[in-house]
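Now for the letters of each chain:
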Amino acid sequence: MADLAQRRAGAVRVPPAGRGATTIADRVVAKIAAQAAREAIDVPERGQPPHASVVVHRDTARVSVSLELGYPADVGRQCGAVRGRVRTRVEELAGMRVHEVAVHVERLHSVRTAAGGRERLR
């Protein structure tokens, strides 16, 4: 026990930069991005929640978000809101710069088709 105390007392202080590094997995950043996209839009009642994939290189991330929107909708405005929210949340929570956020609208859900039970208007 005394040996441990002596080693601690005589230990050399290592500066923070030399202590190691924190690595955040791509899948963690993808979950942050998907949640941020969910916060930015109203997910249609019958729609799937947004899905994100991420490529991280050092402290920079490229994000791709796939989502479904309600119809009618201002697609450009909603995609812009998703891009902004994803960029902000990833930078805040993961401490990474976001180089690119690509938004892919997979499907539009009409209020009329959801009420009638049909998937497509004919």
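Overview of the structure.

Reading the values: rules and limits
Throughout, a residue's number is its position along its own chain's written sequence, starting from 1. This being a predicted model, a pLDDT of at least 70 is required before a residue's local features are given, and a value of 80 or more before pairs of side-chain atoms are given or counted; all residues contribute to the totals for chains, interfaces and linings. The basis for every side-chain value is the complete set of non-hydrogen atoms in the structure, without hydrogens or water. We call a set of buried residues a nonpolar core when its members are Ala, Val, Leu, Ile, Met, Phe, Trp, Tyr or Cys and they connect through side-chain atoms within 4.5 Å of each other. The buried label applies to any residue whose accessible area, calculated with a 1.4 Å probe on protein chains only, is under 20% of its type's maximum; exposed applies above 50%, and partly exposed to all values in between. Secondary structure elements are defined from DSSP: runs of H or I of at least 4 residues count as helices, runs of E of at least 2 residues count as strands, and each element is numbered from the N terminus. Residue contacts follow a heavy-atom distance rule, with two residues in contact if any of their heavy atoms lie within 4.5 Å. Each patch is assembled from residues with relative accessible area greater than 30% and no salt bridge, linking like charges that lie within 9 Å and nonpolar side chains (Val, Leu, Ile, Met, Phe, Trp, Tyr) that lie within 5 Å. All accessibility values rest on the Shrake-Rupley procedure with a 1.4 Å probe; residue burial counts only the protein chains present in the view. Salt bridge, as applied in this entry: a Lys or Arg side-chain nitrogen positioned within 4 Å of an Asp or Glu carboxyl oxygen. When DSSP finds at least two bridges between two strands, those strands are taken to pair. Counted as a polar contact is a pair of N or O atoms within 3.5 Å, where, for protein atoms, one must be capable of donating a hydrogen and the other of accepting one, and residues adjacent in sequence contribute only when both atoms are in side chains.

1. A short note on the nonpolar core
Considering soluble globular proteins, one finds that nonpolar side chains tend to be buried as a cluster.
Okay, so step 1: Within the largest apolar cluster, 25 residues are counted, with the highest numbers of intra-cluster contacts made by Val63, Val65, Val82, Val86 and Val90.
Okay, so step 2: Contributions of two or more residues to this core are made by α2 (26–40), β1 (51–57), β2 (60–71), α3 (75–94) and β3 (97–110).
Okay, so step 3: No other element matches the seven residues that α2 contributes to this core.
Okay, so step 4: Excluding anything up to four places from it in sequence, Val63 contacts Ala33, Ser53, Val54, Val86, Val98, Glu100, Val101 and Ala102.

2. Brief notes about unusual backbone geometry
Okay, so step 1: Look at the link from Tyr71 to Pro72: it is a cis peptide, with omega at 0°.
Okay, so step 2: Checked against the element boundaries, Pro72 lands in the loop between β2 and α3.
Okay, so step 3: Despite not being glycine, Arg58 shows a phi value in the positive range, around 60°.
Okay, so step 4: Its place among the elements puts Arg58 in the loop between β1 and β2.

3. Comments concerning a nonpolar patch on the surface
Okay, so step 1: Nonpolar side chains collect at one region of the surface, where Tyr71, Val75, Val105 and Leu108 lie side by side and expose about 300 Å² of accessible area between them.
Okay, so step 2: Of note, Tyr71 is situated in strand β2.
Okay, so step 3: Tyr71 gets classed as partly exposed once you look at its relative accessible area, which sits at 41%.

4. Section: the pairing of β1
Okay, so step 1: Residues Ala52, Val54 and Val56 point to one face of β1 and are all buried, whereas His51, Ser53, Val55 and His57, pointing to the other face, are not buried.
Okay, so step 2: Alignment of β1 against β2, held across seven bridges, turns out to be antiparallel. Looking at β2, one finds that Ser53 is bridged to Ser64.
Okay, so step 3: Connecting β1 to the next strand, β2, in antiparallel fashion are two residues, including Arg58 with a positive phi near 60°.

5. As for the pattern of salt bridges
Side chains carrying opposite charge are able to pair once their charged atoms draw close together.
Okay, so step 1: Tallied over the entire structure, the rule returns six salt bridges.
Okay, so step 2: Put simply, Arg85 and Glu39 hold a salt bridge, and the shortest N to O gap is 2.5 Å. In this pair, Arg85 sits in helix α3 while Glu39 sits in helix α2, placing the two residues 46 residues apart along the sequence.
Okay, so step 3: Exposure remark for Arg85: the relative accessible area of 32% places this residue in the partly exposed category.
Okay, so step 4: Among the salt bridges present, the one from Arg77 reaches Asp74, with a minimum N-O distance of 4.0 Å.
Okay, so step 5: Given a relative accessible area of 54%, Arg77 falls into the exposed group.

6. Let's talk about the side chain of Thr60
Okay, so step 1: Mapped onto the elements, Thr60 comes out in strand β2.
Okay, so step 2: At 3.5 Å, the side chain of Thr60 forms a polar contact with the side chain of Asp59.
Okay, so step 3: Beyond its immediate stretch of four places on either side in the chain, Thr60 contacts Val55, Arg97 and His99.

7. Remarks on the pairing of β3
Okay, so step 1: Two strands pair when backbone bridges link them, and β2 and β3 are joined in this way by 12 bridges, in the parallel orientation. Among the inter-strand pairings, Val63 is bridged to a residue of β3, identified as Val101.

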